[in-house]
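As a plain string of letters, each chain reads:
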Amino acid sequence: MSTVTVLGSNPYDIVIGHAVREQLHERLGSGVEKVLLVHQPIMTNEATRIRESLSGRVEVLLAEIPDAEDAKRIEVAAFLWGIMGQADFTRSDAIVSLGGGATTDLAGFVAATWLRGVRVVHIPTTVLGAVDAAVGGKTGINTAEGKNLVGSFHAPAAVLVDTELLSSLPDTEIRTGFAEVAKAGFIADTSILDDLESNVAACLDLSTELSADVLRRAIQVKATVVGEDFTEQGLREILNYGHTLGHAIEHTERYRWRHGVAVGIGMMFAAELSRLVRALSDSDVERHRLIIGERLGLPLTYPASRWETLRATIQRDKKNRGATLRFVLLDSIGRPTVTTVGDESLLFAAYQEIAG
């Protein structure tokens, strides 16, 4: 077991290890009488087990929500608010999320907005949730116009990354989640990339010590950034590497694509744009192609005919300032920078490099 602490005005621990979900009661803190346990359908049995384990100490209400991005709708948030209202939830009560990144995003948003803020503990059940969505206090839901356009910053009381739960994930789910792990390597900790290049099989085997350590390092990257810039006023924007185009692809695909697949393509686009705008070396661009495409086995291209649709969605990206488009780019691997790109021809040229 290892622990990463997110510092700042509301510090909290991210605990990583086998069966760490058993720490839930102590991580909820004192005074909690009711818990709303928000879970995906596949986690019904585990949610029931958790409720039984807390029996006699905390009243647990179970709330099943749709899978993936279908959960991140205002109608689902309203459903959860209704349960809490009918059960007379107070500010001393709490929410627990049990699921992937969409579940933690939704549960965190509901926790942030109920009575202007109640405690939330995340138990992520996907790699993506463990290294990204559950860490950092970003919460949000989607609208017809784009992803995560409605949301709030709300730090969890704790995050319990249980490798026992993660080890049962299918290979495809692990690989797509590792796109966010690779992102941490591209923007900060290059040792992550070294391990993905030299021993990807062990990295993807969530029962190994190397895999647990790679996850810890990826989580530490985000924890360090979030601790310095909780509300994304500057440094935290680097965590959006690959996400500008990635979110646009997800929106275009009506959220049927896994987040990691879209972000993998988005990182290839960002690398190609970095080559044009920031003089990123050819070898660094090719390292993206090697790790995302060959090691993780993720797609590297998107249809050329979709550019105009993607461009319209990019215009609404939250990093933009008015009509000014801003992207997270790389000067070199491990050296990210937020860059204004005013020349539309450069965007188009970079997209042509990944157009399939």
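These lines cover the structure that appears in this document, whether it is placed above or below. Position labels on residues start from 1 in each chain and follow its written sequence. Local features in this predicted model are restricted to residues whose pLDDT is 70 or higher, and side-chain atom pairs enter the listing and the counts only when it is 80 or higher, whereas totals over whole chains, interfaces and linings include all residues. Heavy atoms throughout the structure, all of them, feed into the side-chain values; hydrogens and water do not.

The next subject is the pairing of strand E2 (residues 12-17). Across the six residues of E2, five count as buried, placing the element largely inside the fold. For two strands to be treated as a pair, DSSP must find no fewer than two bridges joining them. Only runs of H or I of at least four residues qualify as helices and only runs of E of at least two qualify as strands under DSSP, and these elements are numbered from the N terminus. Bridge count for strand E1 (residues 2-6) against E2 is five bridges, and the pairing is antiparallel. Considered in E2, the bridge of Ser 2 is made with Ile 16. Between E1 and E2, which pair antiparallel and follow one another directly, the connecting turn spans five residues, one of which, Gly 8, has a positive phi of 120°. Bridge count for E2 against strand E9 (residues 158-162) is five bridges, and the pairing is parallel. Along E9, the bridge assignment pairs Val 15 with Leu 160. Residue burial is assigned from relative accessible area. The probe radius is 1.4 Å, only protein chains are included, and a residue is buried under 20% of its type maximum, exposed over 50%, and partly exposed in between.

Positive phi values are uncommon outside glycine, yet Asp 88 reaches one of about 60°. As for its position among the elements, Asp 88 is in the loop between helix H3 (74-86) and strand E5 (94-99). What makes Asp 88 exposed here is its relative accessible area of 53%. Notably, Leu 115 is not glycine yet its phi reads approximately 50°, a positive angle. Take Leu 115: it is sitting in the loop between helix H4 (101-113) and strand E6 (119-124). By relative accessible area, Leu 115 is classed as partly exposed at 37%.

With five of six residues buried, E6 is to be regarded as a mostly interior element. Pairing of E5 with E6 involves six bridges; the strand directions are parallel. Within the sheet, the bridge partner assigned to Val 96 lies in E6 and is Val 121. Between E5 and its parallel partner E6, the chain crosses via H4, and the hand of that crossover is right-handed. Handedness of a crossover is defined as follows: orient the strands so they point away from the viewer, and if the path from the first strand over the helix to the second runs clockwise, the crossover is right-handed.

Here the expected span of a helix is defined as 1.5 Å times the quantity of residues minus one. Taking 1.5 Å per residue, 20 residues should reach 28 Å; helix H10 (residues 209-228) reaches 29 Å between its end C-alpha atoms and fits that length. Residues Ser 211, Val 214, Leu 215, Arg 217, Ala 218, Ile 219, Val 221, Lys 222, Ala 223, Val 225 and Val 226 constitute the buried set of H10.

Glancing now at the environment of Val 221. Its location among the elements puts Val 221 in helix H10. Throughout, a residue-residue contact means that at least one pair of heavy atoms, one from each residue, lies within 4.5 Å. Beyond its immediate chain neighbours, meaning those up to four positions away, Val 221 contacts Ala 184, Ile 187, Ala 188 and Asp 189.

Take the buried residues of types Ala, Val, Leu, Ile, Met, Phe, Trp, Tyr and Cys, join any two whose side-chain atoms come within 4.5 Å, and each joined set is a nonpolar core. Ranked by internal contacts, the top residues of the largest apolar core, which has 75 residues, are Ile 14, Phe 178 and Phe 269. When residues in this core are grouped by element, the largest group, nine residues, is from helix H12 (residues 259-277). Setting aside residues no more than four positions away along its own chain, Phe 178 makes contact with Val 127, Leu 196, Cys 203, Leu 204, Leu 206, Ser 211, Val 214, Leu 215 and Leu 296. Counting residues in hydrophobic clusters, the runner-up holds 23 residues, among them Leu 36, Val 38, Phe 89 and Ala 107.

Attention now moves to the side chain of Asp 284. Position of Asp 284 among the secondary structure elements: in helix H13 (residues 282-295). His is not counted here, nor are the chain ends, while Lys and Arg score as positive and Asp and Glu score as negative. The term salt bridge refers to a side-chain nitrogen of Lys or Arg lying within 4 Å of a carboxyl oxygen of Asp or Glu. Despite its burial, Asp 284 pairs with no opposite charge; the closest candidate is Arg 287, at 5.8 Å N-O. When residues no more than four places from it in sequence are discounted, the contact partners of Asp 284 are Ser 332 and Ile 333.

Attention now goes to the layout of surface pockets. Size it by volume and the second largest pocket reaches roughly 240 Å³. Glu 69, Asp 70, Lys 72, Arg 73, Asn 142, Thr 143, Ala 144, His 251, Thr 252, Arg 254 and Tyr 255 are the residues that line the second largest pocket. At the level of secondary structure, the elements contributing two or more residues to the lining of the second largest pocket comprise strand E7 (138-143) and helix H11 (243-252). Under this grouping Gly is polar, as are all residues other than the nonpolar Ala, Val, Leu, Ile, Met, Phe, Trp, Tyr, Cys and Pro and the charged Asp, Glu, Lys and Arg. Of the residues in the lining of the second largest pocket, the class split is two nonpolar, four polar and five charged. Only protein atoms enter the 1 Å grid used here. Points where a 1.4 Å probe fits but cannot escape make up a cavity, open sets with protein on both sides within 12 Å along at least five of seven lines make up a pocket, and a residue lines them when an atom lies within 4 Å of a point. Grid points are joined across faces, edges and corners, and a volume is the space filled by probe spheres set on the points.

Take the pattern of salt bridges next. If you walk through the whole model with that rule in mind, you get 30 salt bridges. A salt bridge links Glu 69 to Lys 72, with the nearest nitrogen and oxygen atoms 3.7 Å apart. Across this residue pair, the class does not change: Glu 69 and Lys 72 are buried. When the shortest N-O distance is used, the salt bridge between Arg 217 and Asp 213 registers 3.1 Å.

Turning next to empty space enclosed by the protein. Under the criterion given, the structure shown has three cavities of 30 Å³ or more. In this model, the largest cavity occupies a volume close to 120 Å³. The wall of the largest cavity is formed by 13 residues, among which Lys 147, Leu 149, His 247, Arg 316 and Asp 317 lie closest to the centre. For the lining of the largest cavity, the secondary structure elements donating two or more residues are strand E8 (146-153), H11 and helix H14 (307-314). The element contributing the most residues to the lining of the largest cavity is E8, with four residues. The class makeup of the residues in the lining of the largest cavity is three nonpolar, five polar and five charged.

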